[in-house]
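Now for the letters of each chain:
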Amino acid sequence: MSYPKRAAALASAAALAGSVVLLAAPAARADVVDVNYQCKTPIGDKSAVSPIDIKGVRSGSGYKITMSWQKGVSSSPVELGKGAMSPSATINLGGADSGTLAVSGPANQAAIPANTPIKINDLSGTYTPKKTGKVTFTAGVLTIKALGTTTTCTPANNPKPSLSLDVTAAGGGGSTGTSQGGSQSGTDSGGQLPQTGPEDSAIALGTLGGTVLLAGAAGALWLTRRNQTVRR
């Protein structure tokens with residue numbers, strides 16, 4: 001094979017290697033999961049199915065975990081005025097960790113009409129990994145407090161995880177992971193944080209793929225110059 005053809009083949013191989021790296025598995029995966037909630041209310045049992053989305057955003061040595069409901073659950077026989085309903089929930093941890101993560105959020109920002117499915121605001125909490133590995137996050141118990149009453153909604157369909165994260169413990173610790181809850185209003189004073197998910201992983205892997213491609217191009221240039229030197 002001539003030197004120009006060999007150089008072209010090397011560059012092509014480097015480009016292909018970069019593409020393979022880019023297509024590697026991401027460090028995080030999120031799925032919208034239908035959760036069948038069975039609710040114990042002051043006026044009797046109710047049920048509702050709502051798609052649940054859980055996202056994780058890197059925040060310092062931990063992650064801000066946000067749980068979102070795409071449909072309302074339960075209802076009230078009377079109108080709930082602004083600020084009358086306070087939601088909270090738990091997220092079940094699995095994989096490299098165990099236990100629950102408490103998430104909470106603001107009260108309803110608008111009145112909720114009577115006999116209308118209650119739309120839950122996004123609930124957030126902070127998860128700090130104490131063990132390195134893949135951790136799963138699955139919808140747990142939802143609690144709604146309103147007008148001096150408490151409604152508890154429990155998943156009845158054994159839902160699958162809505163989020164899985166490859167986490168690294170600070171200092172490489174190997175003990176069981178822990179979690180703590182926190183109330184969030186939907187904005188962070190610290191500014192926008194990098195999203196943990198397929199997009200973030202693709203950027204990092206794409207950078208590695210680009211490095212491989214540049215190395216291949218440099219090798220091709222060296223072979224071409226060497227060929228020119230030999231011909232002289």
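Residues numbered from 1 in each chain as written. Predicted model: local features only at pLDDT ≥ 70, side-chain atom pairs only at ≥ 80, totals over all residues. Heavy atoms only, no water.

Undergrad: In this structure, what is going on with the overall build of the protein chain? I would like to understand it.
TA: Counting its secondary structure elements, the protein chain contains 2 helices and 12 strands. Order of helices (α) and strands (β) in the protein chain, N terminus to C terminus: α-β-β-β-β-β-β-β-β-β-β-β-β-α. Each of the 232 residues in the protein chain was classed as buried or not, and the buried ones make up 35%. In the protein chain, the share of contacts with a sequence separation of at least 24, taken over all contacts with a separation of at least 6, comes to 74%. A total accessible area of about 12400 Å² is found for the protein chain, and carbon and sulfur atoms account for 56% of it. (Helix = DSSP H or I, 4+ residues; strand = E, 2+ residues; numbered from the N terminus. Buried < 20%, exposed > 50% of the residue type's maximum accessible area, 1.4 Å probe, protein only. Contact = heavy atoms within 4.5 Å. Areas by Shrake-Rupley, 256 points an atom, 1.4 Å probe, with all protein chains shown as cover.)

Undergrad: Whenever I open this one, unusual backbone geometry confuses me. Can you help?
TA: Note on backbone geometry: most residues besides glycine have negative phi, and most peptide bonds are trans. In this structure, Leu147 is a non-glycine residue whose phi angle is positive, near 55°. Checked against the element boundaries, Leu147 lands in the loop between β8 (133-146) and β9 (149-155). Even without being glycine, Asn158 reaches a positive phi, approximately 50°.

Undergrad: Even after reading the chapter, I still don't get the pattern of salt bridges, so can you show me in this structure?
TA: Two side chains with opposite charge may pair up if their charged atoms get near one another. Enumeration over the complete set of coordinates arrives at 3 salt bridges. As a salt-bridge pair, Lys40 and Asp45 come within 3.2 Å of each other at their nearest N and O atoms. The class of Asp45 is exposed, set by a relative accessible area of 56%. A salt bridge links Asp166 to Lys134; its shortest N-O distance comes to 3.0 Å. Here the residue Asp166 occupies a position in strand β10 (residues 163-167), and Lys134 occupies one in strand β8, the gap between them amounting to 32 residues. Classification of Asp166 by relative accessible area gives partly exposed; the value is 37%. With a relative accessible area of 41%, Lys134 lands in the partly exposed category. (Salt bridge = Lys/Arg side-chain N within 4 Å of Asp/Glu carboxyl O.)

Undergrad: Mind showing me how you'd approach the packing of aromatic side chains here?
TA: Here a ring pair, both rings aromatic, is described through the centre-centre distance and the interplanar angle of the planes. Taken as a whole, this structure holds 1 aromatic pair when the rule is applied. Seen from their ring centres, Tyr127 and Phe137 are 5.3 Å apart, and the 90° between their planes marks the pair as edge-to-face. One end of the pair, Tyr127, is in strand β7 (residues 123-128); the other, Phe137, is in strand β8, and 10 residues separate them in sequence. Accessibility classification places Tyr127 together with Phe137 in one group, the buried group. (Phe/Tyr/Trp six-rings, centres within 6.5 Å; stacked < 30°, edge-to-face > 60°.)

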